[in-house]
Amino acid sequence: MSLYIMEEIMKRMNTRIACGVLAASLMMGVAGCSNAPEVDGTQVVATVNEEEITLGLASYILRDQQAQTMDYYEMFSQNYGMDMSGISIWDEEAEDGTTYGEQAKTQVMDSLKSMYALKLHAADYDVELTEEEQAKITETAKVFIEKNDDKVLKALGVSESDIAEYLSLVTLEHKLYAPVVADVDTKVSEKEANQTLITMSRISIEGTETDEDGNTIPLTEEELAEKKELAQQVLDAVKAEDNIAEADMNAIAESISEDFITTVPSFTTAGSEDDVLDKAVIEAALKVKDGELVPTVVEGEKAYFVVRMDAYFDEESTETKKATIIATRQQEAYEAKLAEWVEAMEMTVNEDVWAQVKLTDSQPFVYKDEKAE
């Protein structure tokens, strides 16, 4: 398996999505491999600020992440037509010499430290579990134990109290986000947010062949001229429409060449380093009015473009941009505060105990199809 795919998988594992118990479903059925050894989950695997963490809790989180990742990998494989059989995942070594299974175990300990940091500071924001939430947690933990056979539970080393603790931690995590980011500035200037909407038909001018060294062979002047002529044909055809502002540029471009890709992107009106559109496109679009075509073919770095200005100020795109800016600020503030709390905490891991749980290709854990609310 490629390093790129494994890196994408590990990113997913390292990005925990907090979800409230009452708002999300918990995967109840877990299927473990037949040769997975039993785990004594009552052992203390780590201590955080004198609070003991059981091996059962850590083991469950690891297997849950393992199963999530296998779900993601299977989807990835199906989308790209890859054959999963016989492929090494967890035993494969990363660039630092550790296996991806070992990295995942380290990430579980990092996640636990973060969750207990949040638990420790919940009272600072008057955040606590309600009686309803506690009751739901107790009920869900009980159902989880009932839904899994004894062999799987012993391989996980997990108890009902471990599941209840896990659900308590993620529920507090979910509830803490809003109060932690409550003071984040939600004012967004027009210069930051205002969005311009365009329609553009693009034809690539990058070469498609490589030389013996693997370098892309640039198109010849003649080939470039042919590409530009196709773009000019699209431009002329759109110009000939009775209503240019409503013309179907996608249909027009495709009727001339299947090599055209037509999209309706937006960009920050005042200019932004975050914009990914070709600068030549942005500069050309800002010179015409709403509903007008850029009068000539736009020559970009890697393509020729036919461009129409749809809306110098697009309200919907602008509101979306504002929301994105605010969400980014909040996420950054949350992560900074959490990092501060984690830095101030002490965590001791009992490596001998943690070594009893291994994440390898020979010990797969996956979700059953069954879910319970």
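Before reading on, note that the structure itself is shown above.
A few points on the structure. (Residues numbered from 1 in each chain as written. Predicted model: local features only at pLDDT ≥ 70, side-chain atom pairs only at ≥ 80, totals over all residues. Heavy atoms only, no water.)

**A short note on the overall build of the chain**
Looking only at helices and strands, the chain features 12 helices and 12 strands. Split into buried and exposed, the 373 residues of the chain put 43% on the buried side. Put simply, 77% of the contacts in the chain that link residues at least 6 apart link residues at least 24 apart. (Helix = DSSP H or I, 4+ residues; strand = E, 2+ residues; numbered from the N terminus. Buried < 20%, exposed > 50% of the residue type's maximum accessible area, 1.4 Å probe, protein only. Contact = heavy atoms within 4.5 Å.)

**Quick word on the pairing of strand S3 (residues 44-48)**
The pairing of S3 with strand S4 (residues 51-54) spans four bridges and is classified as antiparallel. Looking at the pairing, Val-48 lines up with Glu-51 of S4. Hairpin geometry of S3 and S4 is characterised by an intervening segment of two residues between the two adjacent antiparallel strands and by a positive phi of about 45 degrees at Asn-49. Across three bridges, the pairing between S3 and strand S10 (residues 347-349) is antiparallel. If you follow Ala-46 over to S10, its bridge partner there is Val-349. (Pairing = 2+ DSSP bridges.)

**Section: the packing of aromatic side chains**
What the rule picks out here adds up to four aromatic pairs. Summarising the aromatic geometry, the rings of Tyr-60 and Phe-144 are spaced 5.5 Å apart at their centres and angled 85 degrees between planes, so their arrangement reads as edge-to-face. Placement of Tyr-60 in helix H2 (residues 55-79) and of Phe-144 in helix H4 (residues 131-147) is noted, with a sequence separation of 84 residues between them. Each member of the pair Tyr-60 and Phe-144 is classed as buried. Through pairs of rings, three or more aromatic residues link up here, namely Tyr-60, Phe-144 and Tyr-166. Of note, Lys-105 hangs over the ring of Trp-354, and the distance from its end group to the ring centre comes to 4.8 Å. (Phe/Tyr/Trp six-rings, centres within 6.5 Å; stacked < 30°, edge-to-face > 60°. Lys NZ or Arg CZ within 6 Å of the ring centre and 35° of its normal.)

**Focus on the pattern of salt bridges**
Applying the stated criterion to the full structure yields nine salt bridges. In this structure, Lys-119 engages Glu-51 in a salt bridge whose closest nitrogen and oxygen atoms are separated by 2.8 Å. Separated by 68 residues along the polypeptide, Lys-119 in helix H3 (residues 100-121) and Glu-51 in strand S4 bring together distant segments of the chain. Taking the shortest distance from any N to any O, the salt bridge between Lys-228 and Glu-299 comes out at 2.4 Å. (Salt bridge = Lys/Arg side-chain N within 4 Å of Asp/Glu carboxyl O.)

**Considerations on the sheet that holds S3**
The three strands lie next to each other as S4-S3-S10, forming an open sheet whose pairing is antiparallel. Of all strands in the sheet, those bounded by a partner on one side alone are S4 and S10. The mean inter-strand angle of the sheet, taken between neighbouring strand axes irrespective of direction, is 20 degrees. Across the sheet, H2 lies against S3 and S4, angled at about 55 degrees from S4, the strand it touches most. (Axes fitted to C-alpha atoms, helices over the stretch in contact; angles between N-to-C directions.)

**Here we look at the nonpolar core**
By size, the foremost hydrophobic cluster in this structure holds 58 residues, and its most contacted members are Val-45, Ile-53, Leu-57, Ile-61, Leu-112, Tyr-116 and Trp-354. Among the secondary structure elements, those contributing two or more residues to this core are S3, H2, H3, H4, helix H5 (150-156), helix H6 (160-180), helix H11 (315-344) and helix H12 (351-354). Setting aside residues up to four positions removed in sequence, Leu-112 forms contacts with Ile-53, Leu-57, Ala-58, Ile-61 and Met-347. Ranked by size, the runner-up nonpolar core spans 17 residues in total, among them Val-234, Met-249, Leu-293 and Val-306. (Core = buried A, V, L, I, M, F, W, Y, C linked by side-chain atoms within 4.5 Å.)

**Here we look at the packing of H2 against H3**
Across the interface, H2 lies against H3 with an axial gap of 10 Å and an inter-helix angle of 120 degrees. Judged by the angle between their axes, H2 and H3 are oblique. When you trace H2 past H3, the crossing you get is right-handed. Seen from H2, the contacting residues are Leu-57, Ala-58, Ile-61 and Leu-62; seen from H3, they are Ala-104, Lys-105, Val-108, Met-109, Leu-112, Met-115 and Tyr-116. Taken together, the residues that form the contact of H2 with H3 break down as 10 nonpolar, no polar and one charged. (Parallel < 35°, antiparallel > 145°, perpendicular 65-115°, else oblique. Left-handed = near helix turned anticlockwise from the far one by under 90°. Nonpolar A, V, L, I, M, F, W, Y, C, P; charged D, E, K, R; others polar.)

**A short note on the side chain of Ser-201**
Assignment of secondary structure puts Ser-201 in strand S5 (residues 195-204). Taking relative accessible area as the criterion, Ser-201 reaches 0% and is therefore assigned buried. Of the polar contacts made by the side chain of Ser-201, one reaches the side chain of Thr-262; its length is 2.8 Å. Setting aside chain neighbours within four positions, we find Ser-201 in contact with Met-249, Ala-253, Phe-260, Ile-261, Thr-262, Tyr-304, Phe-305 and Val-306. (Polar contact = N/O pair within 3.5 Å; in protein donor to acceptor, adjacent residues only side chain to side chain.)

**As for the pairing of strand S9 (residues 303-311)**
In terms of burial, S9 is a largely internal element, eight of the nine residues being buried. Here S5 runs beside S9; their pairing, made up of eight bridges, is antiparallel. Within S9, the residue paired with Ile-198 across the bridge is Met-309. Two strands pair when backbone bridges link them, and strand S8 (residues 298-299) and S9 are joined in this way by two bridges, in the antiparallel orientation.

From the geometry alone we can't say anything about function, so treat these as descriptive.
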